[in-house]
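Understanding the architecture of this molecule
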Amino acid sequence: MATRVGMVSLGCPKNQVDAEHMLYDLRKEGFQIVSDAALSDVVIINTCGFIESAKQEAIDTILEFCTLKQEGRIKAVIATGCLAERYRDEMKKEIPELDAVVGIGSNGKICDIIREILLDKQAVCSYGAKTELSMEGGRIISTEPFYAYIKIAEGCSNNCTYCAIPSIRGKYRSRRMEDIVKEARWLAENGVTELVVVAQDTTRYGEDIYGKSMLPELLTALCEIDGFKWIRTLYCYPERITDELLDVIAKEDKLVKYLDMPIQHCNKTILKRMNRHGDRETLTALIKKIREKIPNVTLRTTLITGFPGETEEQFEELCEFVKEIRFKRLGCFAYSPEEGTPAEKFEDQVPLKDRERRAEIIMEEQMIISDSLNEAALDSEVEVVCEGFDRYAECYYGRSQADAPEIDGKIFFLSEDKVRVGEYVKVKIDDTMDYDLIGSKM
């Protein structure tokens, strides 16, 4: 009987793509993939190690499955992903119940590692070079069948002072455009209608192999593929958003009018300490240009409060900026001092309670903005992709072009007809609920 393997993938879509490659390799080598990890023989926890809350979630998940192992319900627990890569020495020492700790450069050896731990009953720690993490090969899509992520690069070379990603994932490595287009064509042929383009910094795509950003050319090529209805791009850094990119987004019908632009702050001093570019004036000018070139664009951003040295005045400037710009989508995180990053060693750390209080204030301001924008959407008609049926609310739910999967809000809607998952329907909006909208299929 084939060994049953379950995968629990945590963190970002880029990590999820890595998990999908491992699942493909496992199935190809004869392992049985099970959707409920608790019913497997071997569990792989593909961890996130980006910020403190993500690390804690990963540790809690590992311990949960180690308990099942102790109860005899599963045979082995393996940790892969960013936490395993970042804390090479600590993982096995702190959690001795783990049967294997696998760095990202050893993902391609996952089949051999499972065979080894089941045969020898000895713990394995395997770490290949970060560059050995392949971005090519088959995948088992783990999202809903109508949408999928496509990773166009690995690693990061931006070296923001608060971020551990360069030390975890290595320097920025772009995939060749022909390989991305080939994979995208395969996704479209297999029923994917919404393609979500991801990298740590999508706007940097191609600089390392083509000598310049090739994101506009890549997006144009992806739009030529039959089958895609929506193509969405995440993680666009403001300093690399060019007129050429904006013109392509405005021109191509398949490119959703949605721009995810993590700015983190608006104060010049704080941004400089973060090793980020720009200031409130340049960001305001860029956003004005974006809105002129792409009417009705949905702008999404993320912010960090309580970065070392952030004064109350600088925080107030951020609050004013949020009120002025009125982002349609916004997430805010209290600064998390990460081991090994330059910012961790900055002397003027802001107390945790102040960091968290400031993040709460920003999100309260955003709730007011979101309520206002949702009210303005009443009586409008939007195209929605159905994601499922909510048995408790007794209605369908889905997303519009303005909502990225697993990040943004939902649109709940009634329908007299049966609606299939992945079907695109017109919905008239007639009510709101926090960050979500409510309507009826037309």
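Heads up: the structure comes first, above all this text.
First things first, this report covers the structure right here in the doc. (Residues numbered from 1 in each chain as written. Predicted model: local features only at pLDDT ≥ 70, side-chain atom pairs only at ≥ 80, totals over all residues. Heavy atoms only, no water.)

Observations regarding the sheet that holds strand E14 (residues 329-334)
- Taken in spatial order, the 3 strands of this open sheet run E12-E13-E14, and their pairing is parallel. Of all the strands in the sheet, just strand E12 (258-260) and E14 have a single pairing partner and so form its edges. With direction set aside, neighbouring strand axes in the sheet form an average angle of 15°.
- Where strand E13 (residues 298-305) meets E14, 6 bridges bridge the pair, whose relative direction is parallel. By the bridge assignment for E14, Leu-303 is matched with Cys-332. (Pairing = 2+ DSSP bridges. Helix = DSSP H or I, 4+ residues; strand = E, 2+ residues; numbered from the N terminus. Axes fitted to C-alpha atoms, helices over the stretch in contact; angles between N-to-C directions.)

Quick word on the packing of aromatic side chains
- Throughout the structure, instances matching the rule amount to 11 aromatic pairs.
- Judged by centre distance (5.0 Å) and plane angle (85°), the ring pair of Trp-230 and Tyr-424 falls under edge-to-face. Of this pair, Trp-230 sits in strand E11 (residues 230-233) while Tyr-424 sits in strand E18 (residues 424-433), and the two are 194 residues apart along the sequence. Residue Trp-230 shares its accessibility class with Tyr-424, and that shared class is buried.
- Each residue in the set Tyr-162, Phe-307, Tyr-335 and Phe-346 is aromatic and connected to the rest through ring pairs, giving one cluster.
- Over the aromatic face of Tyr-424 sits the side chain of Lys-229, whose NZ or CZ is 5.3 Å from the ring centroid. (Phe/Tyr/Trp six-rings, centres within 6.5 Å; stacked < 30°, edge-to-face > 60°. Buried < 20%, exposed > 50% of the residue type's maximum accessible area, 1.4 Å probe, protein only. Lys NZ or Arg CZ within 6 Å of the ring centre and 35° of its normal.)

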